[in-house]
Amino acid sequence: MSRHNEMSFRESTGIMFNRAVKLMDLPPGVVEKIRVCNATYTVRFGVRLRGDIHTFTGYRSVHSEHMEPVKGGIRYALSVNQDEVEALAALMTYKCALVDTPFGGSKGGLRIDPREWDEHEMEQITRRFTYELVKRDLIDPAQNVPAPDLGTGEREMAWISDQYARMNTTDINARACVTGKPINAGGIRGRVEATGRGVQYALREIFRHPEDIRAAGLDGTLDGKRVIVQGLGNVGYHAAKFLSEEDGCRIIGVLEYNGCIRNPDGINIEDLKQHLILHGSPEGFAGGTILPADAPLMEENCDILIPAALEGVINLENADRIAARMIVEAANGPVTSGADRILQKKGVVVIPDMYANAGGVTVSYFEWVKNLSHIRFGRLQRRQEEESHRILIEEMERMTGQAFDQDFKRRYIQGAGELELVRSGLDDTMRGAYQDMREVWHARDDVGDLRTAAYLVSIGKVAASYQAKGI
Ligand code: GLU
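Residues numbered from 1 in each chain as written. Predicted model: local features only at pLDDT ≥ 70, side-chain atom pairs only at ≥ 80, totals over all residues. Heavy atoms only, no water.

What about the site of the ligand?
Next, step 1: Taken together, 14 residues surround the ligand, and among them Lys71, Lys95, Lys107, Asp149 and Ser364 come closest.
Next, step 2: The separation between a nitrogen atom of the ligand and a polar side-chain atom of aspartate 149 is 2.8 Å.
Next, step 3: One of the side-chain N or O atoms of serine 364 is found 2.6 Å from an oxygen atom in the ligand.
Next, step 4: When the free accessible area of the ligand is taken as 300 Å², the share hidden by the protein chains comes to 94%.
Next, step 5: Taken together, the elements giving at least two residues each to the shell around the ligand come down to α3 (82-98) and α12 (359-373). (Near = heavy atom within 4 Å. Polar contact = N/O pair within 3.5 Å; in protein donor to acceptor, adjacent residues only side chain to side chain. Areas by Shrake-Rupley, 256 points an atom, 1.4 Å probe, with all protein chains shown as cover. Helix = DSSP H or I, 4+ residues; strand = E, 2+ residues; numbered from the N terminus.)

What to know about the packing of aromatic side chains
Next, step 1: By the definition in use, this model includes eleven aromatic pairs.
Next, step 2: For the pair phenylalanine 408 and tyrosine 412, a centre-to-centre distance of 5.7 Å together with 15 degrees between the ring planes defines the contact as stacked. Taken together, the residues span about one helical turn, with phenylalanine 408 and tyrosine 412 both in helix α14 (residues 406-413) at a distance of four residues.
Next, step 3: Phenylalanine 408 gets classed as partly exposed once you look at its relative accessible area, which sits at 33%.
Next, step 4: Grouped by ring-pair contacts, the aromatic residues Phe45, Phe56, Trp117 and Phe129 constitute a single cluster.
Next, step 5: Against the face of phenylalanine 242 rests arginine 197, its NZ or CZ located 3.6 Å from the ring centre. (Phe/Tyr/Trp six-rings, centres within 6.5 Å; stacked < 30°, edge-to-face > 60°. Buried < 20%, exposed > 50% of the residue type's maximum accessible area, 1.4 Å probe, protein only. Lys NZ or Arg CZ within 6 Å of the ring centre and 35° of its normal.)

Some details on the sheet that holds strand β12 (residues 326-328)
Next, step 1: Spatially, seven strands are ordered β10-β9-β8-β7-β11-β12-β13 in an open sheet, and the strand pairing comes out mixed. Each edge of the open sheet carries a strand with a single partner, namely β10 (289-291) and β13 (349-351). Along the sheet, successive strands turn relative to each other by an average axial angle of 20 degrees, direction set aside.
Next, step 2: Where strand β8 (residues 250-256) lies against strand β9 (residues 259-262), four bridges are found, and the strand directions are antiparallel. Bridged to glycine 253 within β9 is arginine 262. (Pairing = 2+ DSSP bridges. Axes fitted to C-alpha atoms, helices over the stretch in contact; angles between N-to-C directions.)

Some thoughts on the pattern of salt bridges
Next, step 1: Overall, the coordinates contain 45 salt bridges when judged by the stated rule.
Next, step 2: Of the charged contacts, one joins arginine 127 and glutamate 123 as a salt bridge, the two residues approaching to 2.9 Å between their closest N and O atoms. Within this pair, arginine 127 and its partner glutamate 123 are both found in helix α4 (residues 119-135), separated by four residues, close to a single helical turn.
Next, step 3: Using a relative accessible area of 24% as the deciding quantity, one classes glutamate 123 as partly exposed.
Next, step 4: Each of the salt bridges in this network shares a partner with another, and the network as a whole consists of Glu193, Arg197, Arg204, Glu246, Asp247 and Arg423. (Salt bridge = Lys/Arg side-chain N within 4 Å of Asp/Glu carboxyl O.)

Things to note about a nonpolar patch on the surface
Next, step 1: A surface patch of nonpolar side chains, about 330 Å² in accessible area, is lined by Leu392, Met396, Phe408 and Tyr412.
Next, step 2: Of all the secondary-structure elements, those providing two or more residues to the nonpolar patch are α13 (382-400) and α14.
Next, step 3: Mapped onto the fold, leucine 392 is located in helix α13. (Patch = residues over 30% accessible without salt bridge, like charges linked within 9 Å, V, L, I, M, F, W, Y side chains within 5 Å.)

Here's the deal with the environment of glycine 253
Next, step 1: Of note, glycine 253 is situated in strand β8.
Next, step 2: As a C-alpha pair, glycine 253 and tryptophan 441 span 188 residues in sequence and 30 Å in three-dimensional space.
Next, step 3: Excluding its chain neighbours within four sequence positions, the residues that come into contact with glycine 253 are Val227, Ile228, Val229, Ile261, Arg262, Ile267 and Leu297. (Contact = heavy atoms within 4.5 Å.)

A closer look at the packing of helix α15 (residues 418-443) against helix α16 (residues 450-469)
Next, step 1: Contact geometry for α15 and α16: axes closest at 8 Å, N-to-C directions at 110 degrees. Between α15 and α16, the angle falls in the class roughly perpendicular. Classified by chirality, the crossing of α16 by α15 is right-handed. Packed against α15, whose contacting residues are Tyr434, Asp436, Met437, Arg438, Val440 and Trp441, the element α16 presents Leu450, Ala453, Ala454, Leu456, Val457 and Lys461 at the interface.
Next, step 2: For the contact of α15 with α16, a count of residues per class yields nine nonpolar, no polar and three charged. (Parallel < 35°, antiparallel > 145°, perpendicular 65-115°, else oblique. Left-handed = near helix turned anticlockwise from the far one by under 90°. Nonpolar A, V, L, I, M, F, W, Y, C, P; charged D, E, K, R; others polar.)

Digging into the pairing of strand β7 (residues 226-230)
Next, step 1: Counting buried residues along β7, four of its five residues qualify, which places the element largely inside the surrounding structure.
Next, step 2: Handedness of the crossover joining β7 and β8 through helix α8 (residues 234-247) is recorded here as right-handed.
Next, step 3: Alignment of β7 against strand β11 (residues 304-307), held across four bridges, turns out to be parallel. Pairing of glutamine 230 across the sheet is with proline 307, part of β11. (Right-handed = clockwise from strand over helix to strand, strands pointing away.)

So, the environment of alanine 443
Next, step 1: Relative to the assigned elements, alanine 443 resides in helix α15.
Next, step 2: Residue class for alanine 443 comes out exposed when judged on its relative accessible area of 64%.
Next, step 3: Remark: the alpha-carbon pair of alanine 443 and threonine 130, spanning 313 residues in sequence, is separated by 46 Å.

Concerning helix α10 (residues 337-346)
Next, step 1: When α10 is considered as a whole, its buried residues turn out to be Ser337, Gly338, Ala339, Asp340 and Leu343.
Next, step 2: Where α10 is buried, its residues contact α1 (9-21), β12, β13 and α16.
Next, step 3: Immediately beyond the C-terminal end of α10, within one or two residues, lies glycine 347, with a positive phi of roughly 80 degrees.

Describing the side chain of serine 64
Next, step 1: Looking at the secondary structure, you find serine 64 in strand β2 (residues 52-64).
Next, step 2: A relative accessible area of 1% places serine 64 in the buried class.
Next, step 3: A polar side-chain atom of serine 64 sits 2.8 Å from a polar atom in the side chain of histidine 66.
Next, step 4: When neighbours within four sequence positions are excluded, serine 64 is seen to be in contact with Asn38, Val70, Thr93, Gly104, Gly105, Val462 and Tyr466.

Laid out in structure tokens, this is it:
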């Protein structure tokens, strides 16, 4: 326990799990089997860099193998520790079950500050870490498939994939050993934006249910809603960009680790991102007021707060002061179990992480299937689809003697390519999972929040899977 009697991340996840299973009628043995983390492998390896040997500590934790492969990202950060990877692996189990991706839950991490090392050094470190994990089948297309997380991205996934292929030269499915790869290394279109896109699709789905947003004291559409985003990394950036550019949300605040930006009229996210890429910090950005990194911007009045960086940022210390009506957990575990209770009492609606940020693993699933089928989605049917649309349009024009609007014609005829199919599959997944959660939320008097509902749905699926196959 830390300051303010806060639990550790793993304890906090465990408490939320306990709150949910109390409402379920499951044999205690099954509950215990689901709760525990199956295994955590810790590795310490040395890499010769800058004329000396540097020792790194890495983890790969497997929470549940009720379905294989197990899935979950690899995080590079100095804060990585066993408690954290185990909490994150458990969340992967529930997340995969909730959105019906056929995986168990896993997570990995390497204790490193990626900013300390140059690209070549990062490659050496990543390949060595990969070697250690592959040797123990902790990276394997059929058993354990990592993906990006904080501090990692396409670049690291390409190295991991290549390293696995070098160690398994006859494995025709080698590329399916990791997801989140660049397109030219077997990746899928739409994976980089996927988690942020999923946040957008989640909010769109919630706003299709007026009674649900009323529970948060909100009404209307997403258009004009005031949003604060904490963290403008891959997830926060894409979520903020899509919500502001496509749904009319006003991003009135952005918190970064080295400075905050406030603008009641709305921040131009693309401009801000370009500024951050160029200058490294918000300082000098003209599109808003710059505040220090520790400014309490998260506590400011807004409709929707999107924590999109680290765990535990909404905790016992600040939960009382949160003024947002709705919190969308784009990060994993941003609200601690203690804070969750406080927010619930305040009537704040929390869209739980295992749902809100499931877009990443959903599109990872599509990438894994693409790698196993060795063909890009849409490659066979796209032109055939276009042809049959064209025939229909031409025949209707001939019959009526009238021409369709050119823009309509172009949009209607166009067949779906990989990106369109990925977005369609993601949208369908986010809608379906929300409906499953809200059904439980509304149907049961003893379920007062969406997180408990999400746990009920996902634990139910994991339990059914264990019970069906026997443990
Ligand atoms: N790291 C991401 C997450 O926490 C993605 C996991 C994956 O794609 O396997 O969900």
